[in-house]
Amino acid sequence: MAVQWLCALSAALAWGCLASSSSSSSSHMAVAPPQDLQITDPGLLGALDVEWKPPRNVHTFSDCAVTYKLEYRNTGDRDWKVIFTRKLKFRVGFDLSRTAEVKVQTLLKGRCTDDMEVQSDWIYAAFQVPLQGKLESEVQNFHCIYHDWEYLKCTWQPGLLAPRGVHYGLYYWYEGLDQAAQCDDYIQDDGLNAGCVLQNLSQAEYKDLRICVNGSVAAAPLRPLYATLRLHNLAKPSPPKQLVVSMSAAEELRVAWSPPGRGTPPQCLEYEVQLAEEEEEEGEAEAAWASVSTQMETALTISRANRSRISCVRVRGRTNIFCADRGFWSEWTQECFSVPRKEDKQLFILIPVILSLSSSLLIFTLIGQCKKRSPTGKPSHAPVGC
C-alpha cells in the first residue's frame, strides 16, 4: 500500500513539474516584430499604402493566429488611429501637408501561447511629401458646401504671397476612382479660377473625399492645399416648401410644410420653427423672433396669446444627427398672417350696434321734421324726401 502511495505521489509531482514548465515556457515566449515597414504614395492625394513583411519566426507558430496592430497619425495629432488586420498591406489616409507616422507590431495568440496574447516590439516609419513654396502662397478661405446632396461647391481666394495671374487647379479622389481627377467646372473671378463645382458625387458620400488645390506660375513655386472632406457633414438643403399657416377656433396656430425635395433625403432632415409677434413698445411696433421648436416632423401646433396683431412664422432645415455629425442650415421659408386682437373683436361687435342705433335715430329725426312742415291734422303731400 505504501509503495502504491509513493508511486502516485511521484506521478503527481512529475505532472506538476511538466505543467509548470509548459506555463513558464509560454509566459516567456517572444514573437518578432514585422519586417521592412514601408509607406508609399500612389498619387491619391493623401491615401498612402502601408505594407510590411511577416516576422522572421512566424512559421514556427502554426498553432497560433498571427495578427498585426497598425497605428497611424499625422505629426501634431494627439491620438493614434488603430487598425487590427491579418493583411500585410493597408491603405490609410493622411494630411499630406504634415508628416505621416506609422507603427506596426505583431500579436500572437492561440494554443502555442495558452490563449494568452503575446505582443512584439513596434517598428516605425514616417513619410513626408516634399513641400514647395512658402505657406503664405497657399490658397486661403477654402470653403465647401454640398448643396441638396446633389453638387459640391468649393471656393477659395489666392494666397497672400501668390503672384498675379496664378492658375489654380482643383484635384479630387475618393475610394472607387482609379486615379485622382481634375475639376472640369471652375468658378472664375476676373479670369482666374476661384472655385469649383463637382457633380455626381453620390458614390463619395460617407467616404473620405480628398481635395488638393494647387497653383502654377512661372515666377515661383506655390504651396498646395490638402483637405479631406465628408460630404454628409457639408450638406445644405433648400428651404422647406409649401409652408401653410392657419388659425383654429381655439386660437391655436397650425403650421405645416413639406421637405425641400431634390436630392436631400427627407428622413435626414430636422427643422427649426420660429415665430415673430409684433409688440407695441413706446408707440412703435417691433417684431421679435423666438424659436419655438426643433423637430423632425413637418407640422406643428402652437398656442399663442391674442395680444399680437401681425405674426410671422418661418421654418428652415438641416441634416439631423442620424445622418451627419453637423451640417448647414437652409435659408428660411417665411409666411405672415394677420390676427385681430380681443379689443378689435369687441369693436367689430359694437360697430353694427352703433350703426343700427344711428340709423334708427336718423329715421326718427326725419319723421319729426316731416311732421313739423305739414299743416295741423292734415297730411302733407309735398315731397320732402321722406
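Throughout, residues of each chain are indexed from 1 in the direction in which the sequence is written. Note on the predicted model: pLDDT of at least 70 is required for a residue's local features to be given, and 80 or more for side-chain atom pairs to be given and counted; whole-chain, interface and lining totals, by contrast, use all residues. Based on all heavy atoms of the structure, the side-chain values leave hydrogens and waters out of the count.

Trainee: Describe the state of the cysteines, with residues and values.
Mentor: For the purposes of this analysis, a disulfide is any pair of cysteine sulfur atoms at a distance within 2.5 Å. Overall, the coordinates contain five disulfides when judged by the stated rule. Disulfide pairing places C64 opposite C112 at an S-S distance of 1.8 Å. Taking the torsion about the sulfur-sulfur bond, which here is approximately -125°, the covalent link between C64 and C112 counts as left-handed. With a gap of 48 residues between them, C64 in strand 3 (residues 64-74) and C112 in the loop between strand 6 (100-110) and strand 7 (118-119) connect regions that are remote in the sequence. Neither C64 nor C112 differs from the other in exposure class; each is buried. Disulfide partner of C268: C323, at an S-S distance of 2.0 Å. Helix and strand definitions follow DSSP, with helices as H or I runs of at least four residues and strands as E runs of at least two, each counted in order from the N terminus. To sort residues, take the accessible area from a 1.4 Å probe on protein chains only and compare it with the maximum for the residue type: under 20% means buried, over 50% means exposed, and anything in between is partly exposed.

Trainee: Lay out the packing of aromatic side chains with the relevant residues and their values.
Mentor: Aromatic rings from Phe, Tyr and Trp, taking only the six-membered ring of Trp, are treated as a pair when their centres fall within 6.5 Å; an angle between ring planes under 30 degrees marks them as stacked, one over 60 as edge-to-face, and anything in between as tilted. Per the stated rule, a full pass over the model turns up six aromatic pairs. Aromatic side chains Y72 and F94 sit 5.5 Å apart centroid to centroid with 70° between the ring planes, which places their arrangement in the edge-to-face category. Of this pair, Y72 sits in strand 3 while F94 is found in the loop between strand 5 (89-93) and strand 6, placing the two residues 22 residues apart along the sequence. Grouping residues by exposure puts Y72 and F94 together as buried. With a centroid separation of 5.5 Å and 65° between ring planes, the pair formed by W257 and Y271 is classed as edge-to-face.

Trainee: Please provide a residue-by-residue account of the confidence of the model for the protein chain, values included.
Mentor: Confidence of the predictor at the level of single residues is given by pLDDT, which spans 0 to 100. Residues with a pLDDT of 70 or more make up 77% of the protein chain, whose mean pLDDT is 83. Working rule for contacts: check all heavy atoms of both residues, and any pair within 4.5 Å makes them a contact. Predicted confidence is poor over residues 5-9, with pLDDT under 50, and the contacts of this stretch with residues over four places away or in other chains come to zero contacts. The model gives residues 342-350 a pLDDT under 50, and that stretch makes five contacts with residues more than four places away or in other chains.

Trainee: Kindly report on the environment of V166, identifying the contributing residues and their values.
Mentor: By secondary structure assignment, the location of V166 is in the loop between strand 10 (151-157) and strand 11 (167-173). Judged by its relative accessible area of 2%, V166 falls in the buried class. Distance in space between the C-alpha atoms of V166 and S216 is 6.0 Å, their sequence separation being 50 residues. Those residues in contact with V166, other than ones at most four positions away along the chain, are L192, G215, S216, V217 and L222.

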